[in-house]
Amino acid sequence: MEQPALGISDGIYAYKHLCEGGIDIHEIVVKKSSFRILLYYIGTICLLATVCRTLLSKEGLYLSSLWSISFAGIVAKCLRCDPVKKESLVIMPTFGVQLEQHFWSGRVRRKFVPIGKILKPVLNECVTPVICYWSLALLLRDEYELMLVFMKLRPPAKMLVPIWNALCAFKNSDSTRRLADPHPKDSACSPESKLKT
Amino acid sequence: MVSDFFFPNFGGVESHIYYLSQCLLKLGHKVVVMTHAYGNRSGVRYVTNGLKVYYVPWRPFLMQNTLPTLFLTLPIVRTIIIREKISVVHGHQAFSTLCHEALMHARTMGYKVVFTDHSLYGFADAGSIHMNKVLQFTLADIDQAICVSHTSKENTVLRSGIAPEKVFMVPNAVDTAMFTPSPKRLSCDEIVIVVISRLVYRKGADLLVEVIPEVCRLFPKVRFIIGGDGPKRVRLEEMREKFSLQDRVEMLGAVPHAQVRSRLISGHIFLNSSLTEAFCIAILEAASCGLLTVSTRVGGVPEVLPDDMIVLAEPAPEDMVRAVKKAIDMLPGIDPQVMHLRMKKLYSWDDVAKRTEIVYDRAMQSSTTNLLDRLPRYLTCGSWAGRLFCIVMIINYLLWRLLEFLQPAEDIEVVPDIGPLQAQIQRDDLCEAQENQI
């Protein structure tokens, strides 16, 4: 049964929570901003203008022109819009979670993580040379690195907390089910099935 | 707390920041440490008792210092201060570029700032002149400053021109629970002199090269244990070879801090030959372990220990040998346990934290001034330097305003307060006990 979407919104992102047929879907959507699109076009035009000026000028390629092209390229890269339109987490009870990236071009990238592989979802504080932000990651069995739930987008903690709660509840329900039935039937997701094959 | 010097690096400044933070946490304050990344240690870490440390991924470029960029650290400093709801920014060590930049940004944003100077500097050489100018800039607009000894206070006031009434003297301390004497008293048949320091020029390694052979010649029953590493180690090895002292001078190499106590308690006398010291925590550690100290009379060293616990000498080989002789004669009257108990009463980090708290209270009471009122303070730094500093502060202010426009402070999420770890554990135990009762 589909339940109405719940949402939180801020200036850049909007969070939507949907329940469809027992499946939990948490989406982080990038809001369209005409200001950012304008900045993207300005950056692109600057880069094109710099390249054209260098190619069309009689002096040819000098170090200064290479520097100006590089600088224009960096500015264009900083101002470009993120190709990602939305990222979502689909929680399928007893199966696992699916991480999806939807691009503005229409392309969708999906990654499924079976429930047996997930040890714990964690909220991390990340520090870069200029900013601190929160990220939601999965601690995976037999994996050294954490898996980010939202790889490109950086939603605020107020959007990540309900998703983290949902993942914890999902993981706890699986633990409860395993405790109740310590010898489940073979499934594609259980590690024991891999050993047997 | 902001400094380029923190764990996993070991030293006086690092220990000071760590122990002070732990004691301030015990007093109920919220403490966050900001330093640069050390290798793979980058991001947010929690150390003992839930002390939060930001290892900002700015790589060190020279002697553990981050590259001085003036304005590039503004975004990260601003973010950390806002998200952690900081009220006072406390910078440590004049040689730390991260400290100076963080204090500048904090002042621009209107926060209260406190600075602790841990070292003595000269006035004559090029490095000291530049360092002192940077210090003048930072301390021109500081709320309060702390020095670790009276000598250090005098030095800081002269170097920076800060008003002496703004400078407090809060000494370092020692963890007497960690540095305890040996339960069994050592026999005086063989006298062991311990030296544990970095083997560099500043720590008087060249003096040791002169003193050790003379002491070994005059006192046949004296043996040396030298712990530490550095560029002067080669000279000490050569001295050992030259005078055939291999069986009387033991070189340990770098000694991890956790093993310092075990090395100290194997000796009777601790020898410190530093050419300059603002305070010298090493002699506190030695005294806490029950060793009699022989030290050069430099900087703040005479203020550290009572006269019956330390023998002072001028930084010259002859005087040092005379002091070692005097210390050997004093040895039978030294009781390590009594010395340790005295150190427990004289120095404690809890006392340092309480005194630092008073400094913070004084800083919080100082008046808040805007940029136009603060700019004239920088003009006193020099005719050209003053104007340059004013321009730097104006640019910093404008950049801050730009950041406020691009990312308002309201958009920076505040980190939830979890409190010190012990309080958290007690809360969890209480909840569990209540649930069991129900």
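Residues numbered from 1 in each chain as written. Chains lettered and ligands numbered in written order. Predicted model: local features only at pLDDT ≥ 70, side-chain atom pairs only at ≥ 80, totals over all residues. Heavy atoms only, no water.

Draft legend 1. Broad picture of the overall build of chain B. In terms of helices and strands, chain B carries 15 helices and 15 strands. Computed over its C-alpha atoms, the radius of gyration of chain B comes to 24 Å, within 12% of the 22 Å expected for a compact globule of 438 residues. For the C-alpha atoms alone, the extent of chain B along its principal axes is close to 75 × 75 × 40 Å. Taking all 438 residues of chain B together, the buried fraction comes to 54%. Split by element, the accessible area of chain B, about 19,700 Å² in all, is 58% carbon and sulfur. Measuring between centres, the 46 positive side-chain charges of chain B sit 1 Å from its 46 negative side-chain charges. (Helix = DSSP H or I, 4+ residues; strand = E, 2+ residues; numbered from the N terminus. Rg over C-alpha atoms; globule rule 2.2 N^0.38 Å. Buried < 20%, exposed > 50% of the residue type's maximum accessible area, 1.4 Å probe, protein only. Areas by Shrake-Rupley, 256 points an atom, 1.4 Å probe, with all protein chains shown as cover. Lys, Arg positive; Asp, Glu negative; His and termini not counted. Charge placed at Lys NZ, Arg CZ, Asp CG, Glu CD.)

Draft legend 2. Molecular detail of the packing of aromatic side chains. Residue and element names in this part refer to chain B. Scanning all chains against the criterion turns up ten aromatic pairs over all chains. Ring geometry for Y38 against Y55: centres 6.2 Å apart, planes inclined by 80 degrees, an arrangement best described as edge-to-face. One end of the pair, Y38, is in the loop between β1 (32-36) and β2 (43-47); the other, Y55, is in strand β3 (residues 51-56), with 17 residues separating them in the sequence. Exposure class is identical for Y38 and Y55. Each is buried. Ring geometry for F279 versus Y347: centroids 6.2 Å apart, planes at 85 degrees, classification edge-to-face. Of this pair, F279 sits in the loop between β13 (269-272) and α9 (281-288) while Y347 sits in the loop between α11 (336-346) and α12 (349-365); the two residues are 68 residues apart in sequence, bridging distant segments of the chain. Its relative accessible area of 4% is what places F279 among the buried residues. An aromatic cluster is built from F6, F7, F10, Y18, Y19 and W349, whose rings are joined through pairwise contacts. (Phe/Tyr/Trp six-rings, centres within 6.5 Å; stacked < 30°, edge-to-face > 60°.)

Draft legend 3. Focus on the sheet that holds strand β14 (residues 292-296) of chain B. All names here are of chain B. The parallel open sheet is built from six strands, whose spatial order is β12-β11-β10-β13-β14-β15. Taken across any chain shown, the strands that pair with only one partner, and hence form the sheet edges, are β12 (249-253) and β15 (310-313). Going across the sheet, the axis of each strand differs from the next one's by a mean of 20 degrees, ignoring polarity. Along the sheet, α9 contacts β13, β14 and β15; its crossing angle with β13, the most-contacted strand, is approximately 175 degrees. (Pairing = 2+ DSSP bridges. Axes fitted to C-alpha atoms, helices over the stretch in contact; angles between N-to-C directions. Contact = heavy atoms within 4.5 Å.)

Draft legend 4. Just the confidence of the model for chain B, in detail. Averaged over all residues, the pLDDT of chain B equals 91, while 95% of them reach at least 70. What the predictor reports for the complex is a pTM of 0.84 with an ipTM of 0.79. (pLDDT = per-residue confidence, 0-100.)

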